[in-house]
Amino acid sequence: MPNPIVYIAVGSESEEETEPESGDSEETDEQNSESEEETEAEAEGFIPVMESPRVLPEKEGEEGGGGRICSSAGEVGENSQGNEWNRGDIDGLFCTICMEAWTTSADHHVCCLPCGHIFGFSCIRKWLQQGRTTKKCPQCNRKCTLKDVRKLFASRIVAIDGESQKRIQSLESECISLEQKTAVLIKNEAEWRKKEAEWKRREALLQQQLHQFKEKTNYLEHLLDVQSRTLGHPPSMGGSQVPSLVGQNLGSEFNGQRPFMLQKELGVDGARLFDIDASSKIILLARRLQGLGGTHVLAKTSLVAPYMREDIPLPFGTKVVRDLHICPSGSSLALFASLGKKLSVLSTKINQVTLAYDLPAPAWSCSWDLNSSHQIYAGLQNGSLGVFDMRQTARPLDFVNGLTSNPIHTIYSTNNPTLPSGVTTVLSASSAGICQWNFGGSEQRPFLVSEVGNQGACISLAYCPRSDDIVASFRPRIDNSVEIASSQALPIHALGQGVQGSHVHLKRVGSNCYQKLAVTCANVNDVRLPRSAVMNIENDGCLFVSGNELTCELVLQELPSFTVLQCLKSQKQPIYDVKYAHACDGGLLGCLSEGILRLYSNRALK
């Protein structure tokens, strides 16, 4: 009986001559196992189909040439393709008997033998059903029967190449290594960027310190020069210290008073308002940063060399700050009113807005109450006045409508001992004139202070709580809408022309009565709302400080005579704001013009 293994015959003409003899069919299983080595040796002269699965053309087979694939079914040559295959191309894809792809169903279902070799079911069935008495695997010659065939249920069977798997694992390891190296490089780059940012920050800090040292040097040179000219002999620097700006005593006596001497000039681009806190030795300025759509900030500047400055950003929607006042009780709080319909309280210790009230209209002015540290006021663009208690953060205590709808550009809380206890008095100024408001009593509606007479449109109001002196500034009346629009825009360069106006000095003589003490002419701006101040000089009366629009000088006048005592030059720049602060060892006068804040001092002031 012929052997069931398929071979390629080498130099043979018939199928029988190509089949090696494998022993008698009557041999026992023990003899077959002992003769396996002989069977393998006999097969060395033949090439199995799996080792060299090559299908030759039919013409070569007919001519009797060697190399035709032989099978008991006689279908291998007919069904196989006419191409030459590599083992790697068919492993796991094709049946090794018919060289056709097996399936997961139907007659050619993929199946396997106990030895593990895989075939198509129809092919292995035909192979095992051939008339051989010994049934063996076509590939390894291990004995088997048809009952040993097991169908496999898989979409595709592919053997993993060990070398390829090792290569894949090696590549994966290299990828992991590269990823780790990349992560290290990214981390190093981030550290270098951090170090670069730190170096730039240190460089900026050093540049700032250098600038401060230069300012300090210029300041010391200025002190030496002033002392040399004032005292008439060269000063000595041995053991001297740089004093603060508050309480400087430079200058000679004039008219029984010491003149104000320039102590310091600070660059403050975009600033229009400021206030001085002499006890904390700081200045707070409302300014706008340069650039298109510049941000509005509050700049806190130290009055002690080297005059460090810090910009405090304001909450979104604050817009232009119209008025600014530091709390007179020394609580490190600042109150400011803005066109963004906000009345806000800022802590100068933490440099943050701690309280903000929403208003029904843009705020033009604000004030602290002199008798209650928790009560504040706001003057609105629609002519009304709001009263607030900082202990009630949700809403105001009251809103009182004004006599007119003109914006309230100035507010002062006043001392009025003639009123009953619990009643507070507020003075306000608008283009309609000066109004007095009484809160806490039976009558809260404001009334005009008629004693000023018909002087025109009120453009400024100055009040000194220590002496109860009041000075109001006026100019000829113009169209109210033009005044409102011009004042709200806060023009920087397009200022109006100087016109002839007046200053009126008033004094309270009763709970609701005032006396006009003096009137003087003044050069005022016909568009912009100027600011002024009243300074109390101990044992020597009061001084009124205002700007001369034509000469751009800061004029100091004695009250009530309005005698000019001193004119301070401002280098032909319009004056935006004037503030005076008392100190235990003197006083400090500030004058804000375009881009420059000038600080003057006189120790005789208290």
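All of these numbers come straight from a predicted model, not from anything done at the bench. (Residues numbered from 1 in each chain as written. Predicted model: local features only at pLDDT ≥ 70, side-chain atom pairs only at ≥ 80, totals over all residues. Heavy atoms only, no water.)

> Would you mind going over the overall build of the chain with me for this structure?
Scanning the chain from N- to C-terminus turns up nine helices and 33 strands. Burial statistics for the chain: of 606 residues in total, 45% are counted as buried. When contacts within the chain are restricted to residue pairs at least 6 apart in sequence, long-range pairs at least 24 apart make up 51% of them. Per element, the accessible surface of the chain, about 31300 Å² overall, is 50% carbon and sulfur. (Helix = DSSP H or I, 4+ residues; strand = E, 2+ residues; numbered from the N terminus. Buried < 20%, exposed > 50% of the residue type's maximum accessible area, 1.4 Å probe, protein only. Contact = heavy atoms within 4.5 Å. Areas by Shrake-Rupley, 256 points an atom, 1.4 Å probe, with all protein chains shown as cover.)

> Explain the layout of surface pockets to me, please; I cannot follow it from the model alone.
Sizing a probe to match a water molecule and rolling it over the atoms shows the empty space that remains. Reported here for the largest pocket is a volume of approximately 1200 Å³. Looking at the largest pocket, it is lined by 49 residues, and the ones nearest its centre are Asp275, His325, Tyr412, Lys579 and Tyr580. For the lining of the largest pocket, the secondary structure elements donating two or more residues are strand 7 (271-277), strand 11 (321-326), strand 15 (363-368), strand 19 (410-414), strand 23 (457-464), helix 9 (480-489), strand 27 (533-537) and strand 31 (575-583). Counting residues per element, the lining of the largest pocket draws most heavily on strand 31, at seven residues. Each residue belonging to the lining of the largest pocket can be placed in one class, and the counts come to 26 nonpolar, 13 polar and ten charged. (1 Å grid on protein atoms, 1.4 Å probe; cavity = no way out; pocket = protein on both sides within 12 Å on 5 of 7 lines; lining within 4 Å. Points joined across faces, edges and corners; volume = space filled by probe spheres on them. Nonpolar A, V, L, I, M, F, W, Y, C, P; charged D, E, K, R; others polar.)

> Just checking my understanding: could you explain the packing of aromatic side chains for this structure?
What characterises a pair of aromatic rings is the spacing of the ring centres plus the angle enclosed by the ring planes. For the structure on display, the rule yields seven aromatic pairs. Measuring from centroid to centroid gives 5.9 Å for Phe388 and Phe399, while their planes differ by 90°, and the two rings are edge-to-face. Taken together, the residues Phe388 in strand 17 (residues 385-389) and Phe399 in strand 18 (residues 398-400) connect sequence positions eleven residues apart. Overall, the relative accessible area of 30% leaves Phe399 in the partly exposed class. Relative to Phe562, the ring of Phe544 lies with its centre 6.1 Å away and its plane at 90°, an arrangement referred to as edge-to-face. Highlighted residues: Phe544 in strand 28 (residues 541-548) and Phe562 in the loop between strand 29 (553-559) and strand 30 (563-568), separated in sequence by 18 residues. (Phe/Tyr/Trp six-rings, centres within 6.5 Å; stacked < 30°, edge-to-face > 60°.)

> Can you walk me through the sheet that holds strand 9 (residues 296-302) in this structure?
The strands making up a sheet are joined through hydrogen bonds of the backbone, oriented either antiparallel or parallel. In spatial order, the strands read 7-8-9-10; together these four strands make up an open sheet with antiparallel pairing. A strand with exactly one partner marks an edge of an open sheet, and here the two such strands are strand 7 and strand 10 (309-313). Strand-to-strand, the axes of this sheet are offset by a mean angle of 20°, without reference to chain direction. (Pairing = 2+ DSSP bridges. Axes fitted to C-alpha atoms, helices over the stretch in contact; angles between N-to-C directions.)

> Quick question: what am I supposed to make of the pattern of salt bridges here?
Opposite charge on two side chains permits pairing when their charged atoms draw close. In the structure shown here, the tally under the stated rule is 15 salt bridges. The salt bridge partner of Asp577 is Lys579, with a shortest N-O separation of 3.1 Å. Comparing Asp577 with Lys579, the two get one shared label, buried. Salt bridges sharing common partners tie together Glu198, Arg201 and Arg202. (Salt bridge = Lys/Arg side-chain N within 4 Å of Asp/Glu carboxyl O.)

> Help me understand empty space enclosed by the protein, please; the structure alone is not making it clear to me.
Following the criterion strictly, the structure yields four cavities of 30 Å³ or more and no others. The volume enclosed by the largest cavity comes to roughly 170 Å³. Along its surface, the largest cavity is lined by 19 residues, and Pro530, Ser546, Gly547, Asn548 and Glu549 are the ones closest to its centre. Of all the secondary-structure elements, those providing two or more residues to the lining of the largest cavity are strand 26 (514-525), strand 28 and strand 31. Looking at the lining of the largest cavity, its residues break down into six nonpolar, nine polar and four charged.

> Just checking my understanding: could you explain the pairing of strand 28 for this structure?
For a regular strand, the rule is simple: side chains alternate between the two faces of the sheet. Counting buried residues in strand 28 gives six out of eight residues, a clear majority hidden from the surface. Both strand 27 and strand 28 contribute to a ladder of five bridges, which runs antiparallel. By the bridge assignment for strand 28, Ala533 is matched with Val545. Pairing between strand 28 and strand 29: seven bridges, direction antiparallel. Bridge pairing in strand 29 places Val545 opposite Leu556. The antiparallel pairing of strand 28 with strand 29 creates a hairpin that spans four residues between the two strands, and Cys552 there sits at a positive phi of about 55°.

> I tried to follow the sheet that holds strand 22 (residues 447-448) on my own but got confused; where do I start?
Strand order in this open sheet of four strands is 19-20-21-22, and the pairing throughout is antiparallel. In the strand order of this sheet, the two ends are held by strand 19 and strand 22, each with one partner. Pairing analysis gives five bridges linking strand 19 to strand 20 (residues 424-430), with the strands arranged antiparallel. Among the inter-strand pairings, Thr414 is bridged to a residue of strand 20, identified as Thr425.

> Sorry, what's going on with the environment of Ile276 here?
The residue Ile276 is located in strand 7 in this model. Through-space distance from the C-alpha of Ile276 to that of Lys579 is 7.1 Å; in sequence the pair is 303 residues apart. Non-local contacts of Ile276, meaning those with residues more than four positions away in its chain, are made with Ile282, Ile283, Leu303, Ile326, Lys579, Ala581, Leu588 and Gly590.

> How do you make sense of unusual backbone geometry when you look at a structure like this?
Generally, phi is negative for residues other than glycine and the peptide bonds are trans, each holding for most cases. The residue after Leu559, namely Pro560, is reached through a cis peptide bond having omega 5°. Here Pro560 shows up in the loop between strand 29 and strand 30. Non-glycine residue Lys341 carries a positive phi angle of around 60°. Secondary-structure assignment places Lys341 in the loop between strand 12 (333-338) and strand 13 (342-347).

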